[in-house]
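Coordinates in review
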Amino acid sequence: MRVSLVFLLFLAFAPLCSFASVNEEVQKSVRTLAEGDSVTIFMGREARNITINWGEATDCEFEIYISCGLGSFNSVSKEKAKGKGVETYKFIRTTVEELKIIITKGKAVICNMQTLSTKADDSESYNPI
C-alpha cells in the first residue's frame, strides 16, 4: 500500500516540479563563484579529467568532487587557478554521475568546462557549461 501511495503522490506533484537538466541550467551563462560556492553538473558517463576555461578575475583554490551515484561525493583533487586560461585536471578514470567544483579560497570565473570521453570510439567532448 505504501508504494502505491508514494507513486500517487509523485504523480500528483510531478507537474509542479522542474525536471530540467542541470546541464541546460549551467550552459546559460558564465559562472562567477566566491569562496564556499560550488557548481555541480550531471554527467552519467565515464571520465578521467575536466578542462576548465577560467575567466580573467580568477584567483582561487578549489576541490573537484565526483559522485559515482547515490549522492555521495568524494574529493579527487585539490587545485589552484589564477588568471585567464585553460587548464586540464586529471583524476582516476571512473564512471561519474555528477561532478562538483567547490571554491575553497578566493574567487573564480568559469567560462567553460568540458571532459573528454574515455571510450576509444567516442571522440566527442562533453561540454556542460
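Structural notes, computed from the coordinates.

Thresholds applied
- Residues numbered from 1 in each chain as written.
- Predicted model: local features only at pLDDT ≥ 70, side-chain atom pairs only at ≥ 80, totals over all residues.
- Heavy atoms only, no water.
- Helix = DSSP H or I, 4+ residues; strand = E, 2+ residues; numbered from the N terminus.
- Buried < 20%, exposed > 50% of the residue type's maximum accessible area, 1.4 Å probe, protein only.
- Contact = heavy atoms within 4.5 Å.
- Salt bridge = Lys/Arg side-chain N within 4 Å of Asp/Glu carboxyl O.
- Phe/Tyr/Trp six-rings, centres within 6.5 Å; stacked < 30°, edge-to-face > 60°.
- Pairing = 2+ DSSP bridges.

Digging into the overall build of the protein
- The helix and strand tally for the protein stands at two helices and six strands.
- Reading the helices (α) and strands (β) of the protein from amino to carboxyl end gives α-α-β-β-β-β-β-β.
- A buried classification covers 33% of the 129 residues belonging to the protein.

Details of the environment of Gly55
- Tracing the backbone through its elements, the reader meets Gly55 in the loop between strand S2 (38-54) and strand S3 (59-67).
- Residue classification places Gly55 among the buried positions, given a relative accessible area of 5%.
- Considered as a pair, Gly55 and Val30 are 25 residues apart in the sequence and their alpha carbons are 8.7 Å apart.
- In this view, Gly55 contacts Gly83, Lys84, Val109 and Cys111; residues no more than four positions away in its chain are not counted.

Some remarks on the pattern of salt bridges
- Scanning the entire structure with this criterion turns up one salt bridge.
- Asp59 is the salt-bridge partner of Lys82, the closest N and O atoms lying 3.3 Å from each other. Of this pair, Lys82 sits in strand S4 (residues 73-82) while Asp59 sits in strand S3, and the two are 23 residues apart along the sequence.

Digging into the packing of aromatic side chains
- If you walk through the whole model with that rule in mind, you get two aromatic pairs.
- Pairing Trp54 with Phe62 gives two aromatic rings, centres 5.1 Å apart and planes at 55°, and the pair type is tilted.
- Exposure remark for Trp54: the relative accessible area of 2% places this residue in the buried category.
- When the centroid spacing of 5.2 Å and the interplanar angle of 85° are considered together, the rings of Phe62 and Tyr89 count as edge-to-face.

Topic: the side chain of Thr58
- Among the structural elements, Thr58 can be located in the loop between S2 and S3.
- Ignoring any residue separated from it by four or fewer positions in sequence, one finds Thr58 in contact with Ala81, Lys82, Gly83, Lys107, Ala108 and Val109.

Remarks on the pairing of S3
- The buried fraction of S3 is high, at seven of nine residues.
- Linking two consecutive strands that pair antiparallel, namely S3 and S4, is a turn of five residues; a positive phi of about 130° is found at Gly69 within it.

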